[in-house]
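Structure at a glance
One-letter residues, chain by chain:
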Amino acid sequence: MSLRVAVCTADDLAVLLAGETSRHLAHHHRERFAVQAQGGGYYLLAWRDGVNVGRASLTVESKYAPVRRRWTGCAEVNALAAFPQGQGTGTALLGLAEDLAHADGHERIGLAVDPDDPGPRRLYERLGYRLWDGGTVVDEWVELLDDGGARRHADPSDYLSKPLRESTSG
Ligand SMILES: CC(C)(COP(=O)(O)OP(=O)(O)OC[C@H]1O[C@@H](n2cnc3c(N)ncnc32)[C@H](O)[C@@H]1OP(=O)(O)O)[C@@H](O)C(=O)NCCC(=O)NCCS
């Protein structure tokens, strides 16, 4: 079973939405594809034998104001997920994100991590991401509930980043 990571196409979006039971995730598939269509970044997907096994959003600037003030044009990865985990999907998605960001002229890429979850952080540090010295950022997001409601989140997060001076994979 070979892993394929690629930018989401309109056909891919249709496949994702056809298989999606979560209102929240369906909303995010559409939203990330719309951001991509407007030139705000890329929606990255991982596939094994036609089955979606991972995703990540890559944006042309950080969603965090303190990061934007420090680094204009710092590309950012959000919503990275692999299912199942531990099969190289996260590594491959980050590699594609870094290559695209570098090709588009970004000199740095970053991401926010849960300070209480050391697993993802180990992966990012292995790939060269380092904690910035700008302090905690707050990840504000809205969870759409399947009963039609919404829940607001504000998660204090650590910010890791990595310079993109040369192509990182391949
Ligand atoms: C974080 C995540 C995207 C990594 O993707 P992945 O496909 O599992 O990662 P890979 O297979 O490429 O690499 C595995 C590495 O992930 C790290 N890792 C991530 N989560 C881990 C966990 N719960 N336990 C142990 N290691 C973990 C380790 O560094 C591991 O490397 P190792 O096997 O050498 O220890 C994935 O684990 C995931 O979807 N987690 C749940 C959602 C999440 O936390 N997203 C990140 C938000 S910042």
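The paragraphs below set out a description of the structure included in this document. If you're wondering where the values come from, they're calculated on a predicted model, not measured in any experiment.

The rules behind each value
Residues numbered from 1 in each chain as written. Predicted model: local features only at pLDDT ≥ 70, side-chain atom pairs only at ≥ 80, totals over all residues. Heavy atoms only, no water. Helix = DSSP H or I, 4+ residues; strand = E, 2+ residues; numbered from the N terminus. Expected span 1.5 Å × (residues − 1). Buried < 20%, exposed > 50% of the residue type's maximum accessible area, 1.4 Å probe, protein only. Contact = heavy atoms within 4.5 Å. Polar contact = N/O pair within 3.5 Å; in protein donor to acceptor, adjacent residues only side chain to side chain. Salt bridge = Lys/Arg side-chain N within 4 Å of Asp/Glu carboxyl O. Phe/Tyr/Trp six-rings, centres within 6.5 Å; stacked < 30°, edge-to-face > 60°. Lys NZ or Arg CZ within 6 Å of the ring centre and 35° of its normal. Core = buried A, V, L, I, M, F, W, Y, C linked by side-chain atoms within 4.5 Å. Pairing = 2+ DSSP bridges.

Taking 1.5 Å as the rise per residue, helix H2 (residues 23-37) with 15 residues should run 21 Å; its terminal C-alpha atoms sit 21 Å apart, in good agreement. Residues of H2 that are buried include every one of His 24, Ala 26, His 28, His 29, Arg 32, Phe 33 and Gln 36, and no others. Residues of H2 that are buried sit in contact with strand E1 (3-7), helix H1 (10-18), strand E2 (41-48), strand E3 (51-59), strand E4 (75-82) and strand E7 (137-144). At the N-terminal boundary of H2, the capping side chain belongs to Ser 22, with an oxygen 3.3 Å from the backbone nitrogen of His 24. Immediately downstream of H2, the backbone of Gly 39 shows phi near 85°, a positive value.

On to the pattern of salt bridges. In the structure shown here, the tally under the stated rule is six salt bridges. For Asp 133, the salt bridge is made with Arg 70, and the minimal N-O distance between the two is 2.7 Å. Of this pair, Asp 133 sits in the loop between strand E6 (130-131) and E7 while Arg 70 sits in helix H3 (residues 65-70), and the two are 63 residues apart along the sequence. Because the salt bridges share partners, they merge into one network encompassing Arg 121, Glu 125 and Asp 158.

A cis geometry characterises the amide bond from Phe 83 onward to Pro 84, with omega recorded as 5°. Residue position: Pro 84 is located in the loop between E4 and helix H4 (89-103). Even without being glycine, Asp 49 reaches a positive phi, approximately 50°. By relative accessible area, Asp 49 is classed as exposed at 58%.

Further remarks concern the packing of aromatic side chains. All chains considered together, the criterion is met by four aromatic pairs. Ring centres 5.8 Å apart and planes at 75° place the aromatic pair Tyr 64 and Tyr 159 in the edge-to-face group. Of this pair, Tyr 64 sits in the loop between E3 and H3 while Tyr 159 sits in strand E8 (residues 150-163), and the two are 95 residues apart along the sequence. The class of Tyr 64 is buried, set by a relative accessible area of 3%. Taken together, the aromatic side chains of Tyr 64, Trp 71, Trp 132 and Tyr 159 make up a single cluster linked through ring pairs. Across the ring face of Trp 71, the terminal group of Arg 70 is positioned such that the distance to the ring centre comes to 5.4 Å. One residue, Arg 108, lies across the ring of Trp 71, its end atom 4.2 Å from the ring centre.

In this section: the nonpolar core. Within the largest apolar cluster, 21 residues are counted, with the highest numbers of intra-cluster contacts made by Leu 58, Val 77, Ile 109, Leu 111 and Tyr 124. Of all the elements, H4 adds the most residues to this core, at six residues.

Here we take up the pairing of E3. Of all the nine residues making up E3, eight are buried; the element is thus mostly covered by neighbouring parts of the structure. Sheet analysis places E2 next to E3, joined by eight bridges and oriented antiparallel. In the strand pairing of E3, Arg 48 is matched with Val 51. Between E2 and E3, which pair antiparallel one after the other, the connecting turn spans two residues, and Asp 49 there sits at a positive phi close to 50°. Across five bridges, E3 lies against E4 in antiparallel orientation. Note on E4: the bridge partner recorded for Ser 57 is Asn 78.

Before going further, it helps to spend a moment on the pairing of E7. Relative to E8, E7 is paired through eight bridges, and the arrangement is antiparallel. By the bridge assignment, Asp 139 is partnered in E8 with Asp 155. Turn length for the E7-E8 hairpin, with the two strands adjacent in sequence and antiparallel, is five residues, and the turn residue Gly 148 shows positive phi of about 100°.

Such coordinate-based values are descriptive only and should not be taken to indicate function.
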